[in-house]
Amino acid sequence: VQLQASGGGLVQAGGSLSLSCSASGGTFNSYNVGWFRQAPGKEREFVAAIALSSGRVYYADSVKGRFTMSRDATKRTVYLQMKDLKPEDTGVYYCAVGRAVLSSLRYADQYYYWGQGTQVTVSS
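Anyway, here's the lowdown on the structure attached to this text.

1. Concerning the state of the cysteines
When the sulfur atoms of two cysteines share a covalent bond, that bond is a disulfide.
Working step 1: The final tally for this structure, using the stated rule, is one disulfide.
Working step 2: Paired by a disulfide, Cys21 and Cys95 hold their sulfur atoms 2.0 Å apart. Around the S-S axis, the bridge from Cys21 to Cys95 shows a dihedral of about 70° and counts as right-handed. Residue Cys21 is located in strand E3 (residues 17-24), and its partner Cys95 is located in strand E9 (residues 91-98); the two are separated by 74 residues in the primary sequence. Residue Cys21 shares its accessibility class with Cys95, and that shared class is buried.

2. Looking at the pattern of salt bridges
Working step 1: Summed over all chains, the structure comprises four salt bridges.
Working step 2: The residue Glu45 makes a salt bridge to Arg37 at a minimum N-O spacing of 2.6 Å.
Working step 3: Residue class for Arg37 comes out buried when judged on its relative accessible area of 5%.
Working step 4: For Asp89, the salt bridge identified is with Arg66, shortest N-O distance 2.7 Å. Placement of the pair is Asp89 in the loop between strand E8 (77-82) and E9 and Arg66 in the loop between strand E6 (57-59) and strand E7 (67-72), with a sequence separation of 23 residues.

3. Observations concerning the sheet that holds strand E1 (residues 2-6)
Working step 1: Strand order in this open sheet of four strands is E1-E3-E8-E7, and the pairing throughout is antiparallel. In the strand order of this sheet, the two ends are held by E1 and E7, each with one partner. The mean inter-strand angle of the sheet, taken between neighbouring strand axes irrespective of direction, is 15°.

4. Some thoughts on the pairing of strand E11 (residues 118-123)
Working step 1: Going residue by residue along E11, you find Thr118, Val120 and Val122 tucked away on one face and Gln119, Thr121 and Ser123 left uncovered on the opposite face.
Working step 2: The pairing of strand E2 (residues 9-12) with E11 spans four bridges and is classified as parallel. Within E11, the residue paired with Gly9 across the bridge is Val120.
Working step 3: Strand direction decides the pairing type here: E9 and E11, joined by three bridges, are antiparallel. The partner of Val92 across the bridge, within E11, is Gln119.

5. Here's the deal with the packing of aromatic side chains
Working step 1: The full count for this structure, using the stated rule, is eight aromatic pairs.
Working step 2: Judged by centre distance (6.3 Å) and plane angle (80°), the ring pair of Tyr94 and Trp114 falls under edge-to-face. You can see Tyr94 sitting in strand E9 and its partner Trp114 sitting in strand E10 (residues 111-114), a full 20 residues away along the chain.
Working step 3: Residue classification places Tyr94 among the buried positions, given a relative accessible area of 14%.
Working step 4: Trp114 gets classed as partly exposed once you look at its relative accessible area, which sits at 26%.

So, how was this worked out
- Residues numbered from 1 in each chain as written.
- Predicted model: local features only at pLDDT ≥ 70, side-chain atom pairs only at ≥ 80, totals over all residues.
- Heavy atoms only, no water.
- Disulfide = S-S within 2.5 Å.
- Helix = DSSP H or I, 4+ residues; strand = E, 2+ residues; numbered from the N terminus.
- Buried < 20%, exposed > 50% of the residue type's maximum accessible area, 1.4 Å probe, protein only.
- Salt bridge = Lys/Arg side-chain N within 4 Å of Asp/Glu carboxyl O.
- Pairing = 2+ DSSP bridges.
- Axes fitted to C-alpha atoms, helices over the stretch in contact; angles between N-to-C directions.
- Phe/Tyr/Trp six-rings, centres within 6.5 Å; stacked < 30°, edge-to-face > 60°.

Here you go:
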């Protein structure tokens, strides 16, 4: 599976951005899909994930209520709508697919394929 993330950019605090992750090849619709981000000098951290089995979306506490993840299986695309952005949301955002059990969706090492990332910068 090849993943292509897009939609990043520069936005002021309080603004919004919408990221997309499009898949080609493989059986995208048979995987859980996650969004992760990595700020300079920090480890990659979980943002959100959609579980294949239930369609339920899980969020990191830091983005709950501000970010919304969705999936369009027909377009082989997932989205991450981000609002009320904060400077601490700055980082490279990656989408990834895997077959982690629900309790492990937030762990990056449970994902098999990764997109190249898209930069999100939130200015204060």
